[in-house]
Amino acid sequence: MGKVILFLHLISHIKPWGCMAVAHCMLHQIPPRNFTLPCMLLNETVLSPFSVGVVESWSGLRRGHGAFKTKPPLLMDEESFLCCLWNDSNIDCSLYRASMQARKFIPSEISSSASQEKDSNWTIECWTKGKLDLLICTLKFLKLYLRADLKVNLFYTVSELSLGDVSTSFLKGTVMAAQCDCSEYDGCECCVPALRLNYTYIMWLKMMVGVTPLWSPLMSVKPIDIVKPEPPLNLHLEMTEEGQMKICWSNPVLMPYPLQYEVKISANSGQNSWQMVQVALETSLAIDNTLLETSYLVQVRCRNHHGLGFWSDWSTPYNLSLGAQVLYFPPKLLTSVGSNVSFHCIYKNTTKLVASKKIVWWLNLVEEIPQSQYTLVNDRVSKVTLFNLKATKPRGSFFYNALYCCHQNRECHHRYAELYVVDVNINITCETDGYLTKMTCRWSANPNTVLLGSSLQLRYHRSRIYCSDFPSTSPKSEVKECHLQKNHSYECTFQPIFLLSGYTMWIEFKHLLGTLESSPTCVVPADVVKLLPPSSVKAELTRNVGLLNVSWTNPLFANSDLKFQIRYAVNREEMMWELYEVSNAPTRSAVIEVQNLCVEYVVQVRCRELDGSGYWSNWSRSAYTVVKDIKAPLQGPEFWRIITEDPARRQKNVTLLWKPLMKSHSLCSVSRYVIQHQTSGNTTWSEYVDNGTTCSFLWTEHTHTITVLAMNSVGVSSVNFNLTLSQQMSTVGVVRSLSAYPVNSTCVILIWTLSSQIYMVTSFIIEWKNLNKEEEMKWVRVPPNISKYYIYDHFILIEKYQFSLYPVFAGGVGKPRATDQFTKAGYENENNANLYVVLPICISTSVLLLGALLVSHQRMKKLFWEDVPNPKNCSWAQGVNFQKVCISLVMSLPPPHCSDCWWVDQTLPELLNEAT
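Conventions adopted
Residues numbered from 1 in each chain as written. Predicted model: local features only at pLDDT ≥ 70, side-chain atom pairs only at ≥ 80, totals over all residues. Heavy atoms only, no water. Helix = DSSP H or I, 4+ residues; strand = E, 2+ residues; numbered from the N terminus. Buried < 20%, exposed > 50% of the residue type's maximum accessible area, 1.4 Å probe, protein only. Contact = heavy atoms within 4.5 Å. Pairing = 2+ DSSP bridges. Axes fitted to C-alpha atoms, helices over the stretch in contact; angles between N-to-C directions. Disulfide = S-S within 2.5 Å. Salt bridge = Lys/Arg side-chain N within 4 Å of Asp/Glu carboxyl O. 1 Å grid on protein atoms, 1.4 Å probe; cavity = no way out; pocket = protein on both sides within 12 Å on 5 of 7 lines; lining within 4 Å. Points joined across faces, edges and corners; volume = space filled by probe spheres on them. Nonpolar A, V, L, I, M, F, W, Y, C, P; charged D, E, K, R; others polar. Core = buried A, V, L, I, M, F, W, Y, C linked by side-chain atoms within 4.5 Å. pLDDT = per-residue confidence, 0-100. Polar contact = N/O pair within 3.5 Å; in protein donor to acceptor, adjacent residues only side chain to side chain. Patch = residues over 30% accessible without salt bridge, like charges linked within 9 Å, V, L, I, M, F, W, Y side chains within 5 Å. Areas by Shrake-Rupley, 256 points an atom, 1.4 Å probe, with all protein chains shown as cover. Phe/Tyr/Trp six-rings, centres within 6.5 Å; stacked < 30°, edge-to-face > 60°.

Caption draft 1: Looking closely at the overall build of the protein. The helix and strand inventory of the protein stands at six helices and 62 strands. Counting the 916 residues in the protein, one finds 44% classified as buried. Pairs at least 24 apart in sequence give 66% of the contacts found in the protein among residues at least 6 apart.

Have a look at this one:
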């Protein structure tokens, strides 16, 4: 550190200012080196009075050994100081005030010959602390025997101007006094807080010995020029990629200028044999690997690289042998998925470095890395290479893989290298809104693979037009602000946009260990447009044709060459959408064939560029069809009659019953039914039924023909059913037998036979009802070419039902055949037991008979017939009609449905014929 030595001169009087032609005051510049500076002892006759408050405020300093605390400086209204002039052999000073005539400041150093008088002197050292927040000046006593009432003050002012632009008038109202602590026996320490490093400080000292003041000439300094840095920290060993060892360190405080360093190495801490090495701007120094095998100590100090200021103190000694147990390069590595990386290692046991050929590598201490991945860099350094790395899976709080360098005898040190592998294969997707005003880009990262302390950001640069064939990152890129969404994805918005410019984007992964980048992708906003959905969508079912006709209006800002998708579904709670695609529809409409014409359809439309660029638009607003009549009903309803006779009045009341038409037949509704009557006397009339499915009238003629037509808004049905009531035909009976076989509680098989027919049957009507309950009669029309029918209903088998079969002729309804009981054959318990025994015998006998035809040996035939019992001699088989049993077996099977009925349809009539 620089030393300032102040020599105190006893001056009997001061020349009056009028006798001195002084136009300026000199300032002594404090350099970071030793120099001498005189200090004046003035008598009381020429001393200007000081403010008593100021003297008391800044002289009440302890001489005891208590703690010293820095206090804020006190701002002075006005202060006195010495204005001095000097040359190589003489110095002349006078007391001056800032309110007097302004004098210019001239920086100059005082030569040693001008200050040779040595009545008493002080040693002063000034420096800026390494934290750059405090300027410290220390005063040491040499020959002066201080009295107990010594008081010291350091006055100063701060200017951002150069000394050539500052005069003595600048000191008026801007002088501050710094606190000085004289608790030490042989000196004092003054502290100036809250530094402005690049400003000029003008300072002077005033010491009160009793009532006699001692003055120093004015001094000036920039705090940045006398910094004494803190010593370097964190000395440690590292290894380079080439296997070279180096000692590294770090600076405790970020300095505003570059530093230079000195390193000293000692072979023995007890000897004073230091080797001094000067290092430029680097915070490391390469050393010989052989130094690691002995107890060498290393210390480092630093100062301003430009030579200003002081050297710092030496750092704490670092023992090379203790820090070289095992070293890795790099000690920590951040890389991306799919990359190849290499690690170097030097391993030391208790005293010696292990040969590189005896080093093995382990991953997480569970997987030994094959020796084919090892490389011997030199006799002491081993290298391992890992290929095609996968992302690191978090293990608890560890987000890295531990790589261990070990001795071949499986002796491992607890130190390891850390390998962080991050998946930066991040897909960026962008879409431009339909108004062509902004582009939104989205990307996501797996939160489980993001390292603690890392950050992700999207960087981009824009080319003037389109994208290059091979997108690449650019140093001129910008960061785009993105917002985290709920699904761990990020969303960024570019607005405004240049539609034809190429935006090259990538994700930058930043961590203390380094920076990774995803593969860049380039997007042209015009190629990723998500169009607005079509508008004015309409849907209707065309009359007479029955097609779904959909029309729409193309969206704004869209080309004319578009393709469309139409989705439609029956409007219900669970939509079953069907898709229909249209390419380049100039009419902006489409016609779709649909199966069901009498339901409400929901229709939506979306669009996209015809060439496939961009995205499908959102679906349009839903359009709904209106259910209306497409055609006249295809047919009239099936109907039947109930005849009620009134013997007292000798008349018959007929009630017609019909079933509502299904929508597939009514197309799509029925507004009314038309009942047309025609009697044997060619009398005709019609009546209408608007709401209902019944109609009653009196039957008075021998023959009465009824036709029921269905009518809607389009017209009346063209295909209709006729029913003729004839008293003559009502006595014609053609149904010879009728049997009802219950299958289960939901199905009954009705089987009938016919006698020889004179009249042609056009259809049959089956009626059934529960006789134990007052239920409505149910009926069904069946075709004339069948002789059995499956009736599906809810049956209670223990109750009594009546089944009636009416033959219907062209000339009227014939005489019915009825039965009020179920046929029990095949359903009684005893018959069921016989069935279970006879059936296996029938099957076994058939198999044995087939074998008898193939085997010609007479003895086998004889044994066969001897082993098979004669049914006539078996009590359980007597009285059993095997044909009837087989029929019962068929009847007991579950009711056939759909395609499963064929075997019953073919087998049952044959069995019945054989049985009869």
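Caption draft 2: A look at the sheet that holds strand 59 (residues 788-792). The three strands lie next to each other as 55-56-59, forming an open sheet whose pairing is antiparallel. Two strands in the sheet have a free side with no partner beyond their single neighbour: strand 55 (735-744) and strand 59. Each strand of the sheet is rotated relative to its neighbour by a mean of 20 degrees, with strand direction disregarded. Note that strand 55 and strand 56 (residues 747-754) share eight bridges and pair antiparallel. The partner of Ala 740 across the bridge, within strand 56, is Leu 750.

Caption draft 3: Fine view of the state of the cysteines. Under the defined criterion, the tally for this structure stands at 11 disulfides. With a sulfur-sulfur separation of 1.9 Å, Cys 345 is cross-linked through a disulfide to Cys 405. The disulfide joining Cys 345 to Cys 405 has a torsion of about -75 degrees about its S-S bond and is therefore left-handed. Of this pair, Cys 345 sits in strand 25 (residues 341-347) while Cys 405 sits in strand 30 (residues 401-407), placing them 60 residues apart in sequence. Residue Cys 345 is classed as buried on the basis of its relative accessible area of 0%. Disulfide partner of Cys 598: Cys 668, at an S-S distance of 2.1 Å. Measuring handedness by torsion sign, the sulfur bridge of Cys 598 and Cys 668 sits at about -80 degrees and is left-handed. Separated by 70 residues along the polypeptide, Cys 598 in the loop between strand 45 (589-593) and strand 46 (601-609) and Cys 668 in the loop between helix 2 (663-666) and strand 50 (672-679) bring together distant segments of the chain. For the pair formed by Cys 598 and Cys 668, the shared burial category is buried.

Caption draft 4: Region of interest: the pattern of salt bridges. All told, the structure shown has 11 salt bridges when counted by the stated rule. With a closest N to O distance of 3.4 Å, Lys 228 and Asp 313 form a salt bridge. Of the two residues, Lys 228 sits in the loop between strand 15 (219-221) and strand 16 (233-239) while Asp 313 sits in the loop between strand 21 (297-304) and strand 22 (318-319), which places them 85 residues apart along the sequence. Between Asp 646 and Arg 649 there is a salt bridge; the shortest N-O distance is 3.7 Å. The network of salt bridges with shared partners includes Glu 431, Arg 442 and Glu 491.

Caption draft 5: Geometry of empty space enclosed by the protein. Summed over the entire model, instances satisfying the criterion amount to four cavities of 30 Å³ or more. For the second largest cavity, the calculated volume is near 50 Å³. Around the second largest cavity sit Thr 392, Lys 393, Pro 394, Phe 399, Val 421, Val 422, Asn 448, Thr 449 and Leu 451, which together line it. The residue inventory of the lining of the second largest cavity, partitioned by class, reads five nonpolar, three polar and one charged.

Caption draft 6: Fine view of the nonpolar core. Formed by 90 residues in total, the largest nonpolar core has its most connected members in Val 152, Leu 237, Ile 247 and Leu 320. For this core, the leading source of residues is strand 13 (residues 200-209), giving seven residues. With near-sequence residues (within four places) excluded, Ile 247 lies in contact with His 236, Leu 237, Thr 283, Ser 284, Leu 285, Ile 287, Val 298, Tyr 318 and Leu 320. Core analysis: the next-biggest nonpolar cluster, separate from the first, contains 28 residues, Phe 564, Val 582, Ile 630 and Cys 668 among them.

Caption draft 7: Local environment of unusual backbone geometry. The peptide bond linking Phe 329 to Pro 330 adopts the cis configuration, its omega dihedral lying at -10 degrees. Relative to the elements of secondary structure, Pro 330 occurs in the loop between strand 23 (326-329) and strand 24 (332-336). A cis geometry characterises the amide bond from Leu 667 onward to Cys 668, with omega recorded as 15 degrees. Unusually for a residue other than glycine, Leu 132 sits at a positive phi of about 65 degrees.

Caption draft 8: View of the sheet that holds strand 50. Sheet architecture is open: four strands sit in the order 51-50-53-54, paired in antiparallel fashion. Of all the strands in the sheet, the pair left with one neighbour each is strand 51 (684-689) and strand 54 (721-726). Pairs of neighbouring strands in the sheet enclose a mean axial angle of 20 degrees, with direction left out of account. Of the strand pairs in this sheet, strand 50 and strand 51 are connected by six bridges, and their pairing is antiparallel. Across the sheet, Gln 678 pairs through a bridge with Thr 684, a residue of strand 51.

Caption draft 9: Highlighting the layout of surface pockets. Taken as a whole, the second largest pocket encloses approximately 430 Å³ of empty space. As for the second largest pocket, its lining consists of 20 residues, of which Arg 641, Ile 643, Glu 767, Tyr 806 and Pro 816 are closest to the centre. Mapped onto the lining of the second largest pocket, the elements with two or more residues apiece are strand 48 (639-646), strand 54, strand 57 (761-770) and strand 60 (801-809).

Caption draft 10: Looking closely at the confidence of the model for the protein. Overall, the predicted model of the protein reaches an average pLDDT of 80, with 80% of residues at or above 70. Per-residue pLDDT stays below 50 along residues 1-21; that stretch engages in 84 contacts with residues further than four places along the chain or on separate chains. In the model, residues 43-70 has pLDDT below 50 throughout and makes 58 contacts with residues more than four positions away in sequence or in other chains.

Caption draft 11: Local environment of the side chain of Arg 459. By the element assignment, Arg 459 lies in strand 34 (residues 455-463). Within the structure, the side chain of Arg 459 is placed 2.9 Å from the side chain of Ser 477, a separation counted as a polar contact.

Caption draft 12: Layout of a nonpolar patch on the surface. On the surface, Ile 465, Tyr 466, Leu 499 and Leu 500 cluster together into a nonpolar patch covering about 360 Å² of accessible area. Inspection of the secondary structure assignment puts Leu 499 in the loop between strand 37 (489-494) and strand 38 (502-511).

Caption draft 13: Structural detail: the side chain of Ser 216. Mapped onto the elements, Ser 216 comes out in the loop between strand 14 (212-215) and strand 15. In terms of polar contacts, Ser 216 uses its side chain to reach the backbone amide nitrogen of Leu 205, at 2.8 Å.

Caption draft 14: Expanded view of the pairing of strand 26 (residues 359-363). Buried residues dominate strand 26, accounting for five of its five residues. Residues Ile 359, Trp 361 and Leu 363 line one face of strand 26 and the alternating positions Val 360 and Trp 362 line the opposite face, and both faces are buried. The pairing of strand 26 with strand 30 spans five bridges and is classified as antiparallel. Along strand 30, the bridge assignment pairs Trp 362 with Tyr 404. Of the strand pairs in this sheet, strand 26 and strand 27 (residues 367-368) are connected by two bridges, and their pairing is antiparallel. Counted as the bridge partner of Leu 363 is Glu 367 from strand 27.

Caption draft 15: Just the packing of aromatic side chains, in detail. According to the stated counting rule, one finds 26 aromatic pairs in the structure shown. Ring geometry for Trp 552 and Phe 564: centres 4.8 Å apart, planes at 45 degrees, overall tilted. With Trp 552 in strand 42 (residues 547-553) and Phe 564 in strand 43 (residues 562-570), the pair connects residues that are 12 residues apart, well separated along the chain. The class for Trp 552 is buried, based on a relative accessible area of 4%. Residue Phe 564 is classed as buried on the basis of its relative accessible area of 1%. Seen in terms of ring centroids, Tyr 801 and Phe 822 are 6.1 Å apart; in terms of plane orientation they differ by 45 degrees. Their pairing is tilted. In this pair, Tyr 801 sits in strand 60 while Phe 822 sits in the loop between strand 62 (817-819) and helix 3 (829-854), placing the two residues 21 residues apart along the sequence.

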